[in-house]
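Each chain, written out:
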Protein chains: 2
Amino acid sequence: MTVAAPVRRRPGRPRGEHLDDRVLTATLELLLAHDDIASVTISAVIERSGVSRAAIYRRWESREALIAVALDSTRAPVIVPDSGNLREDLIAAYMPDPAEMDPGTAVLIRKRLIVALQDPQMQHAYWREHVSRRREPVAAAIRRAQALGKVRADVDIEATIDLIAGVQYYQLVVRGADPVSPETRRRVSSAISTVWRGMTAGAPMVE
Amino acid sequence: MTVAAPVRRRPGRPRGEHLDDRVLTATLELLLAHDDIASVTISAVIERSGVSRAAIYRRWESREALIAVALDSTRAPVIVPDSGNLREDLIAAYMPDPAEMDPGTAVLIRKRLIVALQDPQMQHAYWREHVSRRREPVAAAIRRAQALGKVRADVDIEATIDLIAGVQYYQLVVRGADPVSPETRRRVSSAISTVWRGMTAGAPMVE
């Protein structure tokens, strides 16, 4: 199984990022090769990457932090467009782009969820350092719409993001549905429309 | 780790159910003892339960069907009360009852999700034979409310159930939040209220 290289977010990377990539790729390969996350030890990463223990711990504070970064490294950042139509922007931010959902990505998403369910400590680290930060631009976009009176003032933003993200996870975790099939996309889009109506019904500035 | 006995749904069980219990308990114990579902073979179930291969295959058509029934055996049926207030009824049906969420149950739910993510074939069997059937009374309650004009006629029922169930799964799978903590319950209840507003806004018979 081939592993996609971590997403490169900046051009002109400084020295040392080549080592980062080797460590992250080795960690991902180990995660995919073992059903049990306990097998993904720092010693195994050292052996596979050829990078020293000291160099690894200079970059990541713990095994858990390294695994969390490795699992996150293939995810593109969440981008909330600002088209003036927040409903469409939310769908654009949360519907997976078929071009990015190659089979390797789907395997990694499943792996990430398995790791979280097997290891609550990993799960919390991943939530705190990655997922909750990834939600921030979405929360900001909803707050802007609230300030403009386009979204109800009493909407619970955290609960709303849980709904929109949750309906996506449900397709993968419970239905086992292909996230980019037309049927799944239609169902998720319809769900987001219902949430949107619930966020906006009765708001002052809704046309 | 002790495993709760499968929920007994009927009094006066016929002969042979004792064997069923032994097989299901052995299967659950094996699922909990191994991180890798591949270790849960029919041979291992025979060894642990003392029940013969022929007797097992008389009751379950395949290893996947047996594992799905074992994982489902500790779940109580979904009951949608019919109080006249569907919003409250949906919350009652989907908010976990703290009395039923002992640590063993929480472990089993995580296990069920891990098995599904590790094995798409198991996941589809479990969806088809268990989850989709469990949703049927919820769909029926929403259809009744639609017929009465209390829920919008254009609401996509499948997508709506995905939202309500999905926000629950998100707490467990992504946040790693205690499902019965007051904070989680408040967030989920608030999310369901937003969905409810989306299902009903503009419906003919909404007060």
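Just so you know, these numbers come straight off a predicted model, no measurement behind them.

Definitions and limits used
Residues numbered from 1 in each chain as written. Chains lettered and ligands numbered in written order. Predicted model: local features only at pLDDT ≥ 70, side-chain atom pairs only at ≥ 80, totals over all residues. Heavy atoms only, no water. Helix = DSSP H or I, 4+ residues; strand = E, 2+ residues; numbered from the N terminus. Contact = heavy atoms within 4.5 Å. Areas by Shrake-Rupley, 256 points an atom, 1.4 Å probe, with all protein chains shown as cover. Lys, Arg positive; Asp, Glu negative; His and termini not counted. Charge placed at Lys NZ, Arg CZ, Asp CG, Glu CD. Salt bridge = Lys/Arg side-chain N within 4 Å of Asp/Glu carboxyl O. Buried < 20%, exposed > 50% of the residue type's maximum accessible area, 1.4 Å probe, protein only. Phe/Tyr/Trp six-rings, centres within 6.5 Å; stacked < 30°, edge-to-face > 60°.

**Things to note about the overall build of chain A**
- A count of helical and extended segments in chain A gives 10 helices and zero strands.
- Contacts in chain A between residues at least 24 apart in sequence constitute 68% of all its contacts with a sequence separation of at least 6.
- Summing over all exposed atoms, chain A offers an accessible surface of approximately 9,800 Å²; the carbon and sulfur share of this is 54%.
- Across chain A, the mean location of the 29 positive side-chain charges is 2 Å away from that of the 26 negative side-chain charges.

**What about the environment of B:Gln146?**
Residue and element names in this part refer to chain B.
- Examined against the element boundaries, Gln146 turns out to sit in helix H8 (residues 136-147).
- In sequence terms Gln146 and His130 are 16 residues apart; their C-alpha atoms lie 25 Å from each other.
- Non-local contacts of Gln146, meaning those with residues more than four positions away in its chain, are made with Val151, Arg152, Ala153, Val155 and Ile157.

**Quick word on the pattern of salt bridges**
- Tallying each qualifying case throughout the model produces 31 salt bridges over all chains.
- When the shortest N-O distance is used, the salt bridge between A:Arg135 and A:Asp162 registers 2.8 Å. Placement of the pair is A:Arg135 in the loop between helix H7 (120-134) and helix H8 (136-147) and A:Asp162 in helix H9 (residues 157-175), with a sequence separation of 27 residues.
- According to the relative accessible area criterion, A:Arg135 is buried, its value standing at 5%.
- Put simply, B:Asp72 and B:Arg134 hold a salt bridge, and the shortest N to O gap is 2.9 Å. In this pair, B:Asp72 is assigned in helix H4 (residues 63-72) and B:Arg134 in helix H7 (residues 120-134), connecting sequence segments 62 residues apart.
- On the accessibility criterion, B:Asp72 (7% relative accessible area) is buried.
- Put simply, A:Arg135, A:Glu158, A:Asp162, B:Arg175, B:Glu183 and B:Arg187 are held in one network by salt bridges that share partners.

**Here we look at the packing of aromatic side chains**
- Inspection of every chain in the model, using the stated rule, returns four aromatic pairs over all chains.
- Every member of this aromatic cluster is reached through a ring pair, and the members are A:Trp127, A:Tyr169 and B:Tyr170.

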